[in-house]
Amino acid sequence: MKGYKIIEMKTDSDIRSVFPVMQELRPHLSEQSYVELVQEAVSVDRYHLYGLWNDGVLVAAAGFKPMTTLYYGRFVWVCDLVTTAGARSSGWGSILLQFIEGWAERNGFTSIALSSGLTRQRAHKFYEKHMQYDKVSAVFRKQLDT
């Protein structure tokens, strides 16, 4: 695959440019709330947002953050990984996830972890069969009334 670039999205304009793709994964977010959350995650959690551009067209995006826990040690948590509906199954997700793996290795992290919704069977197959990720846990969540 030639003609693609993976670019870190740092400015407000960069972040906004990724919103149409990210909205496919996070449809509950408005553009304004998305920008605010990305800005907060960058400043508080060391979140990194990247876009994958193929011949000038954004086809995939990923957000991740380095973390340290007693369970995994030093690792990278993939918060968001999405390929546009029209570009799925074209290899872009693999390229972007391999980019994150390389980033993690270059920065001294020992593993990658992510969560995927229970109903996303195609994504699970992609992670397990194509990318050789192991299913190691279930994620539990409780929504608090605030």
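Note that the coordinates shown come from a computational prediction; the quantities given were computed from them, not determined experimentally.

Draft legend 1. Broad picture of the packing of aromatic side chains. Applying the stated criterion across every chain yields a total of 10 aromatic pairs. Relative to Trp92, the ring of Tyr4 has its centre 5.8 Å away and its plane inclined at 70 degrees; by these criteria the two rings are edge-to-face. Taken together, the residues span a long stretch of sequence, with Tyr4 in strand β1 (residues 4–8) and Trp92 in helix α3 (residues 92–106) at a distance of 88 residues. Relative accessible area serves as the criterion here: at 31%, Tyr4 is assigned to the partly exposed category. Here the aromatic residues Tyr50, Phe64, Phe99, Trp103 and Phe109 are joined through ring pairs into a cluster of three or more. It is Arg74 that lies over the ring of Phe109; its NZ or CZ is 4.3 Å from the centre.

Draft legend 2. Expanded view of the sheet that holds β1. Strand order in the open sheet made by the 5 strands is β1-β2-β3-β4-β5, with mixed pairing throughout. Because the sheet does not close on itself, it has two edges, and the strands there are β1 and β5 (111–114). Direction aside, neighbouring strands of the sheet carry axes that sit 30 degrees apart on average. Of the pairings in the sheet, the one linking strand β3 (residues 57–69) to strand β4 (residues 73–83) comprises 10 bridges and is antiparallel in character. For Thr68, the partnering residue across the bridge sits in β4 and is Arg74.

Draft legend 3. Here's a closer look at helix α2 (residues 31–45). For α2, built from 15 residues, the straight-helix expectation of 21 Å at 1.5 Å per residue is met to within 8% by its first-to-last C-alpha distance of 20 Å. Those residues of α2 not exposed but buried are Tyr34, Val35, Val38 and Ala41. Projection of α2 onto a plane perpendicular to its axis shows the buried side chains occupying an angular sector of 130 degrees, all on one side. Looking at α2, the residues exposed on the side facing more than 90 degrees away from the buried face are Ser43 and Val44. Those residues of α2 hidden inside the fold are in contact with α1 (12–25) and β2 (48–54). Looking at the residues trailing α2, positive phi occurs at Arg46, about 60 degrees.

Definitions and cut-offs
- Residues numbered from 1 in each chain as written.
- Predicted model: local features only at pLDDT ≥ 70, side-chain atom pairs only at ≥ 80, totals over all residues.
- Heavy atoms only, no water.
- Phe/Tyr/Trp six-rings, centres within 6.5 Å; stacked < 30°, edge-to-face > 60°.
- Helix = DSSP H or I, 4+ residues; strand = E, 2+ residues; numbered from the N terminus.
- Buried < 20%, exposed > 50% of the residue type's maximum accessible area, 1.4 Å probe, protein only.
- Lys NZ or Arg CZ within 6 Å of the ring centre and 35° of its normal.
- Pairing = 2+ DSSP bridges.
- Axes fitted to C-alpha atoms, helices over the stretch in contact; angles between N-to-C directions.
- Expected span 1.5 Å × (residues − 1).
- Arc of directions from axis to C-beta.
- Contact = heavy atoms within 4.5 Å.

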